Amino acid sequence: MSTLLGLFRGRGPRQDEESQETLRVGAEETVTVSFTVNGRPASVDVAPRVTLSDALRDHLGLTGTHVGCEHGVCGMCTVIVDGDAARACLLLACQMEGAEIMTVEGLGKPDDLHPLQESFSRHHALQCGFCTPGQLMSAYDLLDKEPGIAPEELPEQMSGVLCRCTGYRNIMDAVGEVAEKNPDGVPPPRNCASGALLPRDSIGGPSAGGSGTGDDEHRGVAEIRMPSTEPTVAVTVDQEVEATPDELWVVMSDTERLARCLPGAELVADFGDDTYKGRIRVALGPVKLAFLGDIHVVTRDEETRTIRALAQAADAGGGNVQADVRITVDPQGTGSAIHAEADLHMTGRIAQFGRSLANDVSKEMFGQFTAALDATARGEEAAEIKPTSALTLMAQMTANRARGAWDRLRGRN
Ligand code: FES
Ligand code: FES
């Protein structure tokens, strides 16, 4: 098969350090590139043709960087690379070895917005929000280079990012206010703390292109570190069940039986100290994902009947999930109340489901989990608890949404 020149000049990750020769990489091969994003070390395993914008969105789950034209025209994908604004759609990820990248996620947090974000909100400088990450990063770069810029210069200086629905006047007003209030320079970003975005290859699942079978299942458990960023999805499920707390705790104390309550899940190895290798299969329409990864039960408190587990898993197609799951059982009437919470961090293919759909799927799965836990605790585990099929899952979610809409129409909510 012919090879493709990897275009690694400049920051060539695959340049031989001594000879400085550019390495050739096959079109179907991947290279590992390491850089920092928002102050956190990150690493991606990508084909040479993958753009920085795709690497940020699909490999690291940083979907705040939007993609419009993919030709360098619209400016939606603007990020800061080594201190300068850059079109992420025009850069290849493999050029980024050692680079310091800042994306809109690094600018601020929901509870600690950057002054530019606050100003955009105050001045109604967005409507659909599609151009907003690009506008914010472009404005940040502009005010970083030209603090206190005069308002009349803003239209030309901010013309590199196209907005199709908001009045530009509001965007200029928002940027102008921050420039006026901060004549000595733009305030620093609010979400560039230390920590680590978990690179795809550092987690316990299969490496890129791996099959997820064989040796991967017996490699031991990697250290599980949850990202410091907001979870992609936070799920809370409260369910009253017939089983007593004592009956439920018997199952919760047995990780293998507990895992079987989660549709499509199974334990494949027990490494002791409450650490395990596990697999879960999720199918949604034509998309079928098989995650293999590590589980560590960090809390198993019989007194409060609380269990907390951390998990990280990868799908052979490049999706990653990290989960922090807490389950508590309390007495409720003659039965129990199960309270389950999960913070899920998703990157790669699974993140493309979108937050709302991922939330629905996660909630549905947790609902099935608590029902199966109840059945198992009451001695019904002999009747196999089958994973709900994708079609059933979709049908249930559609029915739930339709029921909600119908109730709202009838004014019952
Ligand atoms: S998506 Fe990069 S400039 Fe349009
Ligand atoms: S706010 Fe909609 S494209 Fe700018």
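Residues numbered from 1 in each chain as written. Chains lettered and ligands numbered in written order. Predicted model: local features only at pLDDT ≥ 70, side-chain atom pairs only at ≥ 80, totals over all residues. Heavy atoms only, no water.

1. Quick look at the pairing of strand β6 (residues 84–87)
Formally: Two strands are said to pair when DSSP picks up at least two bridges between them. Here a helix means four or more residues in a row that DSSP labels H or I, a strand means two or more in a row labelled E, and each is numbered from the N terminus.
As defined by bridge partners, strand β5 (residues 78–81) adjoins β6 across 4 bridges and the pair is classed as antiparallel. Within β6, the residue paired with Thr 78 across the bridge is Arg 87.

2. Remarks on the nonpolar core
Among soluble globular proteins, nonpolar side chains are generally buried collectively. Put simply, the test is: Definition of nonpolar core: a set of buried residues of the types Ala, Val, Leu, Ile, Met, Phe, Trp, Tyr and Cys, connected through side-chain atoms within 4.5 Å. Whether a residue is buried, partly exposed or exposed follows from its accessible area with a 1.4 Å probe, protein chains only, as a fraction of its type maximum: under 20%, in between, or over 50%, in that order. Here, residues are in contact when the closest pair of their heavy atoms is within 4.5 Å.
Of all hydrophobic cores here, the largest spans 38 residues; its most connected members are Leu 248, Met 252, Ile 327, Ile 338, Leu 344 and Leu 373. For this core, the secondary-structure elements that each account for two or more residues are β8 (233–241), α7 (245–252), β10 (275–284), β11 (287–301), β12 (306–315), β13 (320–332), β14 (335–347) and α9 (355–377). With 7 residues, α9 is the single largest residue contributor to this core. In contact with Ile 327, other than residues within four places in its own chain, are Met 252, Arg 305, Thr 306, Ile 307, Ile 338, His 339, Ala 340 and Phe 369.

3. Details of a nonpolar patch on the surface
Heads up, the rule is: Residues qualify for a patch when their relative accessible area is over 30% and they have no salt bridge, like charges being joined within 9 Å and the nonpolar side chains of Val, Leu, Ile, Met, Phe, Trp and Tyr within 5 Å. Accessible areas in this description were obtained via Shrake-Rupley with a 1.4 Å probe; residue shielding takes into account the shown protein chains only. The salt bridge criterion pairs a side-chain nitrogen of Lys or Arg with a carboxyl oxygen of Asp or Glu, the two atoms within 4 Å.
Together, Val 73, Leu 162 and Tyr 168 make up an exposed nonpolar region whose accessible area comes to about 260 Å². Structurally, Leu 162 is set in the loop between α5 (154–157) and α6 (168–181). Given the relative accessible area of 39%, Leu 162 is considered partly exposed.

4. Let's talk about a negative patch on the surface
Where we set the bar: Positive charges come from Lys and Arg alone, negative charges from Asp and Glu alone, with His and the N- and C-terminal ends not counted. Positions of charges follow a simple convention, taking NZ of Lys, CZ of Arg, CG of Asp or CD of Glu.
A contiguous patch of negative charge, built from Glu 146, Glu 152, Glu 153 and Glu 156, is present on the exposed surface. Its place among the elements puts Glu 153 in the loop between α4 (132–145) and α5.

5. As for the sheet that holds strand β3 (residues 31–37)
As a general point, the strands of a sheet are linked pairwise by backbone hydrogen bonds and lie either parallel or antiparallel. We apply this condition: The angle between two axes is taken between their N-to-C directions and runs from 0 to 180 degrees, where each axis is a line fitted to C-alpha atoms and a helix contributes only its stretch in contact.
Taken in spatial order, the 5 strands make up an open sheet running β4-β3-β7-β5-β6, and their pairing is mixed. Strand pairing shows two members of the sheet lacking a second neighbour, β4 (40–46) and β6, which therefore form its edges. On average, each strand axis in the sheet is tilted by 40° relative to the strand beside it, whichever way the strands run.

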